[in-house]
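Architecture at a glance
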Amino acid sequence: GTNIQLNKGTSENMLVATPDGAVDLYYNNAKKLATKSDGIDVTGEVQCDSLDVDGVANISGTASTLLLLNSSSSNGGSLRIRNSGVDKHYFGSAADFISGGSLNQTGVRSNEEILFSVGGQEKARLDTNGNLGIGTTSITERLTVFSNNDSSATDNGLAVYRSAGDDKVNIN
């Protein structure tokens, strides 16, 4: 088979189609889009009104900001995570999905408990009733704190300060 090429003059590629089905699109002689057997590769910025991905969307690069959500909605933008078409988790402008939330507030919403972890270990949990557990998964009160420190430990389970430098109440 023969390649099909569309060139500007004799030196600048615009499109190259090969017999195996691959199509490459160029801008200023630099490849920007390439089809391949399992999808497409895009080089540079992608702008679109809507993007549906069936599979994994892998976003990688060397920029410090890899994903930018920019919405002109009066409620701001948010990231929604679905399972089988049902909204499960939200992160973004509180005005978008929390009653009484404002555009300048960051919101996190889940239909289930929200877990906080460090190093893969759960450290705190907010349950569906609004109760917070720190150091425990057995939340029994509005605030449940568990510390596994022994009597020789210098850390306390809970310290309550009236103001910086003031005395505090320690609960071990």
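Residues numbered from 1 in each chain as written. Predicted model: local features only at pLDDT ≥ 70, side-chain atom pairs only at ≥ 80, totals over all residues. Heavy atoms only, no water.

What to know about the overall build of the chain
The line we're drawing: Numbering of helices and strands runs from the N terminus; a helix is a DSSP stretch of H or I covering at least four residues, while a strand is a stretch of E covering at least two. Here the term buried applies to any residue with accessible area under 20% of the maximum for its type, exposed to any over 50%, and partly exposed to those in between, with areas from a 1.4 Å probe on protein chains only. Note on contacts: a residue pair is in contact if any heavy atoms of the two residues lie within 4.5 Å. Working definition of accessibility: Shrake-Rupley area with a 1.4 Å probe, residue cover restricted to the visible protein chains.
For the chain, the count of helices and strands is one helix and 14 strands. Each of the 172 residues in the chain was classed as buried or not, and the buried ones make up 14%. Considering only residue pairs separated by 6 or more positions, the chain has 2% of its internal contacts joining residues 24 or more positions apart. When the accessible area of the chain is evaluated, it comes to approximately 13600 Å², of which 48% is carbon and sulfur surface.

A word on the sheet that holds strand E3 (residues 23-27)
Applicable threshold: For two strands to pair, DSSP has to find at least two bridges joining them. In this description, a line fitted to the C-alpha atoms serves as the axis of each element, helices being fitted only across the stretch in contact, and the angle between N-to-C directions of two axes falls anywhere from 0 to 180 degrees.
With respect to topology, five strands assemble into an open sheet ordered E1-E2-E3-E4-E5, the strand pairing being antiparallel. What marks the edges here is a single partner per strand, and that holds for strand E1 (4-8) and strand E5 (39-42). Between one strand axis and the next, the sheet turns through 15 degrees on average, direction left out of account.

Some thoughts on the sheet that holds strand E12 (residues 143-145)
Ordered in space as E9-E10-E11-E12, the four strands form an open sheet in which the pairing is mixed. The sheet is open, and its two borders are formed by strand E9 (114-118) and E12, each paired with just one other strand. The mean inter-strand angle of the sheet, taken between neighbouring strand axes irrespective of direction, is 20 degrees. For strand E11 (residues 132-134) and E12, the ladder comprises three bridges, and the chain directions are parallel. Each residue of the ladder has a partner; that of Ile 134, found in E12, is Val 145.

Overview of the packing of aromatic side chains
This is how it is decided: Pairing of aromatic side chains requires ring centres within 6.5 Å, counting the rings of Phe and Tyr and the six-membered ring of Trp. Pairs whose planes differ by under 30 degrees are stacked, by over 60 edge-to-face, and all others tilted.
Summed over the entire model, instances satisfying the criterion amount to one aromatic pair. Centroid distance Tyr 90 to Phe 97: 5.1 Å. Interplanar angle 25 degrees. Geometry classified as stacked. Classification of Tyr 90 by relative accessible area gives buried; the value is 7%. According to the relative accessible area criterion, Phe 97 is buried, its value standing at 9%.

Topic: unusual backbone geometry
The phi dihedral of Asn 28 falls on the positive side, at around 50 degrees, and the residue is not glycine. Here Asn 28 lies in the loop between E3 and strand E4 (30-36). Its relative accessible area of 56% is what places Asn 28 among the exposed residues. Of note, the phi angle at Ser 84 is positive, near 55 degrees, even though the residue is not glycine. Residue position: Ser 84 is located in the loop between strand E6 (78-83) and strand E7 (86-93).

Notes on a nonpolar patch on the surface
Put simply, the rule is: Like-charged residues within 9 Å of one another, or nonpolar side chains (Val, Leu, Ile, Met, Phe, Trp, Tyr) within 5 Å, are grouped into patches, provided each residue has over 30% relative accessible area and no salt bridge. A carboxyl oxygen of Asp or Glu within 4 Å of a side-chain nitrogen of Lys or Arg is what we treat as a salt bridge.
Taken together, Ile 59, Leu 66, Leu 67, Leu 69, Leu 79, Ile 81, Phe 91 and Val 108 make up a surface patch of nonpolar side chains, about 740 Å² in accessible area. One can find Leu 69 in the loop between E5 and E6.

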